[in-house]
Amino acid sequence: MFGVFKRNKLILVTLILLSAQVSFARSNEPATNIGATLSAMKMKFPELRYIGTDEKGDEYEDGHPEDGIGVFFYFKNNMVTEECVIVQSDDGFARQLFNSWVDGLYIRYPGLCSKSSYNAKHILFSNFRLHIIFVTENGTNTALLVYEKGGWDDGINCGDY
């Protein structure tokens, strides 16, 4: 009888360890609001306001884009499908922020499935894609951090995006 308990205990411990590894793998991704409901987002972002609807869905914004920083969200079926942080400046701040985002991402999450050019990084995660972009137009520098619904759990492969 005691031998059966030892064997079951071993199986239980093995299952717990495997479960913990799967949980750790999932938590080892950047936090995102993809999949959050509109009501949850209004609690997180008290100034969240509707700005229009297009083919991507209902667009909301928070912050003050006219002052150089804003967050935009697209909702479909009351769920976040895209999240965008935008920072604009006429000095080097936006470039420094872009570099900081990229460096932090590749240090914290090595071995990423990604495509890159000098001013754009595109990374695939389990249920979202992350785009880090830097653009300069008419003397304004813009850093964008865009989370988009759809990852390898949705059947998207590294070469697909």
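That block above? That's the structure.
Residues numbered from 1 in each chain as written. Predicted model: local features only at pLDDT ≥ 70, side-chain atom pairs only at ≥ 80, totals over all residues. Heavy atoms only, no water.

A. The arrangement of the pattern of salt bridges in detail. Within the structure shown, the criterion is met by three salt bridges. When the shortest N-O distance is used, the salt bridge between Glu 61 and Arg 49 registers 3.4 Å. In this pair, Glu 61 sits in strand β2 (residues 57-64) while Arg 49 sits in strand β1 (residues 49-54), placing the two residues twelve residues apart along the sequence. Residue classification places Glu 61 among the buried positions, given a relative accessible area of 14%. Arg 129 is the partner of Glu 148 in a salt bridge, and the nearest nitrogen-oxygen pair spans 3.2 Å. Highlighted residues: Glu 148 in strand β8 (residues 140-149) and Arg 129 in strand β7 (residues 128-137), separated in sequence by 19 residues. Glu 148 gets classed as partly exposed once you look at its relative accessible area, which sits at 25%. (Salt bridge = Lys/Arg side-chain N within 4 Å of Asp/Glu carboxyl O. Helix = DSSP H or I, 4+ residues; strand = E, 2+ residues; numbered from the N terminus. Buried < 20%, exposed > 50% of the residue type's maximum accessible area, 1.4 Å probe, protein only.)

B. Structural view of the pairing of strand β4 (residues 79-89). Counting buried residues along β4, nine of its eleven residues qualify, which places the element largely inside the surrounding structure. Sheet topology places strand β3 (residues 69-76) next to β4; eight bridges connect them, and they run antiparallel. What sits directly across from Phe 73, in β4, is Glu 83. Adjacent in sequence and paired antiparallel, β3 and β4 are bridged by two residues, among which Asn 77 carries a positive phi angle near 55°. Sheet analysis places β4 next to β8, joined by eight bridges and oriented antiparallel. Residue pairing in the sheet places Val 87 in a bridge with Ala 143 of β8. (Pairing = 2+ DSSP bridges.)

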